[in-house]
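Next come the chains, spelled out residue by residue.
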Amino acid sequence: MSLDAKIRFELVSLFYGAFEALKQVNMTMAERQITALIGPSGCGKSTLLRTLNRMNDLIPGVRITGLVRVDGRNIYAPGTDVTTLRKRIGMVFQRPNPFPLSVRDNVSFGLRVAGLTSRADVEPILERSLRAAWLWDQVKDRLDQSALDLPLDQQQRLCIARLLAVEPDIILMDEPCSALDPIATGKVEDLMLELKKQYTIVIVTHNMQQAARISDVTGYMLLGDMIESGATAALFTNPQDRRTQDYLSGRYG
Amino acid sequence: MNLLSPKWTQRIAIGVLGAATLATLLVLLFIIVFVLEKGLRTISWSFLFTNPQDMGRAGGIFPTLVGTLLLPLLALAVAVPLGVGTAVYLTEYTREGRLTRIIRFGTDCLAGIPSIIFGLFGFIFFVTILKMGWCLLAGGLTLAIMILPTIIRTTEEAIRAVPYSYREVSFSLGATRWATVVKVVLPNALPGIVTGVMLGIGRCIGETAAVIFTAGSALRLPHSVFDSVRTMSVHFYILAREGVSAENAYGTAAVLILSILLLNVTTYWLMHRFIGRRA
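Note that the coordinates shown come from a computational prediction; the quantities given were computed from them, not determined experimentally.

Caption draft 1: Expanded view of the overall build of chain B. Each helix and strand in chain B was counted, giving 11 helices and 2 strands. Secondary structure of chain B in N-to-C order comes out as α-α-β-β-α-α-α-α-α-α-α-α-α. For chain B, the spread of C-alpha atoms along the three principal axes comes to 65 × 65 × 40 Å. Taking all 279 residues of chain B together, the buried fraction comes to 37%.

Structure, rendered in structure tokens:
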């Protein structure tokens, strides 16, 4: 077992009722790297991502087998505190989804539900999180305005600031740029490269160029199977599996 | 074969729909103008704030004003926590299944029962079996049961209208289900919940049958929840039914209409302010 594996999937299978959405997936993800999951729609990449913060638990009829280890510990072991786990593993969703609250209340949401409410405690974290998401300069004068008035890419970076405020060490991103235009996408991608210095990032993307641009490791999934995973440059230039080759060259679906 | 060109069907449709709307508005306007026209001249400070004399033939309506304020307040104090709690449980804590369907069917049935039945139940259970007698408490509890289904259903709808993505984000930030309900779901469902509460208040204020059976119709100021009260609706009913004083009956009706108007305007104003601040 390599030492720097932050995340390790061991024979992970997941069932929605009788449907097997993940089939004995094995994969490791390294600390402070960006791991991209690619594959056609419905291949299970979002499902795999969501096993990490146990968001699949919310769906009725989900059953999971195998081990999902974060820092060596199985996060599905009985007695795991899911709320603590989710604070450690933040998530950015497909569409920017700020609450209909002010910028300030959005960023401090995770702190408030954790019981941290005094302004003196919240304020430094607020600024630090917004700075880390490259949003401070744009919003510092409008912290009390509705987050819904921000342009979409700022909303998405606000969502990133919101999760940074609870101090995670892993960030999951589920097609974070699919609602953004190319320029906004570029900004978010640059931000991801910056965040990588401190955080372990796992991103699901439909955009293969995006995976190629920003990720260190890429995994290609098809119908619930992890077909192939490895260093991004190697996977894109010299895929080992015929099916990966077909997908990358556009011969699949 | 089409007798009418699309242009003409369109015109006729607009005409019919417009006429329907106009008819509704006219009927409503007629009722309000009719009552106000007959009642407004009776209203004065002394009419509002003095005690009635000679069974309401003379004097004011102050005790009924107090009764109309207290009875719905008591009903809401009971029905809102119960109703909102039930709705939260049904939507956030259980999965759709046989049990939720049965509960929902039950509340729908309850909503359709005529108010006199609630009055009868309140009379038998609160007034007689629990020996409360005709009083504010018995009336308030009866009205609470009566408006409970409305509050449950409107709250449920309001909660369902809160986007699932809000809950998802909240969970992903490490919020528990309870924290999500309190900090995300309920604040965003508030306008809908308030609408339900308003409907409930309206039903309480307008109710006569269930109130006479349970809160009685004593024409004096209550000193505790165990005293009988008379609401404006009941007062109006008795004045008109027993031919005590048509003038004071219309005066009471006018006050009733104006207070409901005031209630609605204030609520919407407050809601706009509140939502304006939030979003």
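Caption draft 2: A look at unusual backbone geometry. Not every positive phi belongs to a glycine, and Glu167 of chain A is a case in point at roughly 55°. Here Glu167 of chain A shows up in the loop between α7 (152–164) and β7 (170–174).

Caption draft 3: The arrangement of the sheet that holds strand β8 (residues 200–204) of chain A in detail. Residues and elements named next belong to chain A. The mixed open sheet is built from 6 strands, whose spatial order is β6-β7-β8-β3-β9-β10. Strand pairing shows two members of the sheet lacking a second neighbour, β6 (89–92) and β10 (225–231), which therefore form its edges. The sheet shows a mean angle of 15° between the axes of neighbouring strands, taken without regard to direction. As judged from the 6 bridges shared by strand β9 (residues 217–222) and β10, these two strands associate in the antiparallel manner. Bridged to Tyr220 within β10 is Glu228.

Caption draft 4: Up close: the sheet that holds strand β1 (residues 5–16) of chain A. Residue and element names in this part refer to chain A. Spatial ordering of the open sheet is given by β2-β1-β4-β5, a layout of 4 strands whose pairing is antiparallel. Of all strands in the sheet, those bounded by a partner on one side alone are β2 (19–30) and β5 (73–74). Examined bridge by bridge, β1 and β2 share 8 bridges and lie antiparallel to one another. The residue bridging Phe15 from the neighbouring strand is Glu20, located in β2.

Caption draft 5: Molecular detail of the interface of chain A and chain B. Between chain A and chain B, the residue contacts involve 25 residues of the former and 17 residues of the latter. Listed by contribution, the elements that provide at least two residues to the side of chain A that touches chain B are α2 (82–88), β6, α4 (109–113) and α7 of chain A. In terms of residue class, the side of chain A that touches chain B is built from 14 nonpolar, 7 polar and 4 charged.

Caption draft 6: Structural view of the domain arrangement of chain B. All names here are of chain B. On domain assignment, one finds that chain B holds domain 1 (6–42) and domain 2 (45–278). Measuring from the centre of the C-alpha atoms in domain 1 to the corresponding centre in domain 2 gives 29 Å. Taken together, the contacts link 7 residues of domain 1 with 8 residues of domain 2. Partitioning the side of domain 1 that touches domain 2 into residue classes produces 4 nonpolar, 2 polar and 1 charged.

Caption draft 7: Quick peek at the packing of helix α5 (residues 115–129) of chain B against helix α6 (residues 136–160) of chain B. Residues and elements named next belong to chain B. Where α5 meets α6, the axes come as close as 9 Å, and the angle between the chain directions of the two elements is 135°. Here α5 is positioned oblique relative to α6, judged by the angle of their axes. Crossing geometry of α5 relative to α6 is assigned as right-handed. Of α6, the residues touching α5 (which contributes Ser115, Phe118, Gly119, Gly122, Phe126 and Val127) are Ala138, Leu141, Thr142, Ile145 and Met146. Split into classes, the residues belonging to the contact of α5 with α6 amount to 7 nonpolar, 4 polar and no charged.

Reading the values: the criteria
Residues numbered from 1 in each chain as written. Chains lettered and ligands numbered in written order. Predicted model: local features only at pLDDT ≥ 70, side-chain atom pairs only at ≥ 80, totals over all residues. Helix = DSSP H or I, 4+ residues; strand = E, 2+ residues; numbered from the N terminus. Buried ≥ 20, exposed ≤ 12 C-beta atoms within 10 Å, placed from the backbone. Pairing = 2+ DSSP bridges. Axes fitted to C-alpha atoms, helices over the stretch in contact; angles between N-to-C directions. Contact = placed C-beta atoms within 7 Å. Nonpolar A, V, L, I, M, F, W, Y, C, P; charged D, E, K, R; others polar. Domains from an automatic or database assignment. Parallel < 35°, antiparallel > 145°, perpendicular 65-115°, else oblique. Left-handed = near helix turned anticlockwise from the far one by under 90°.

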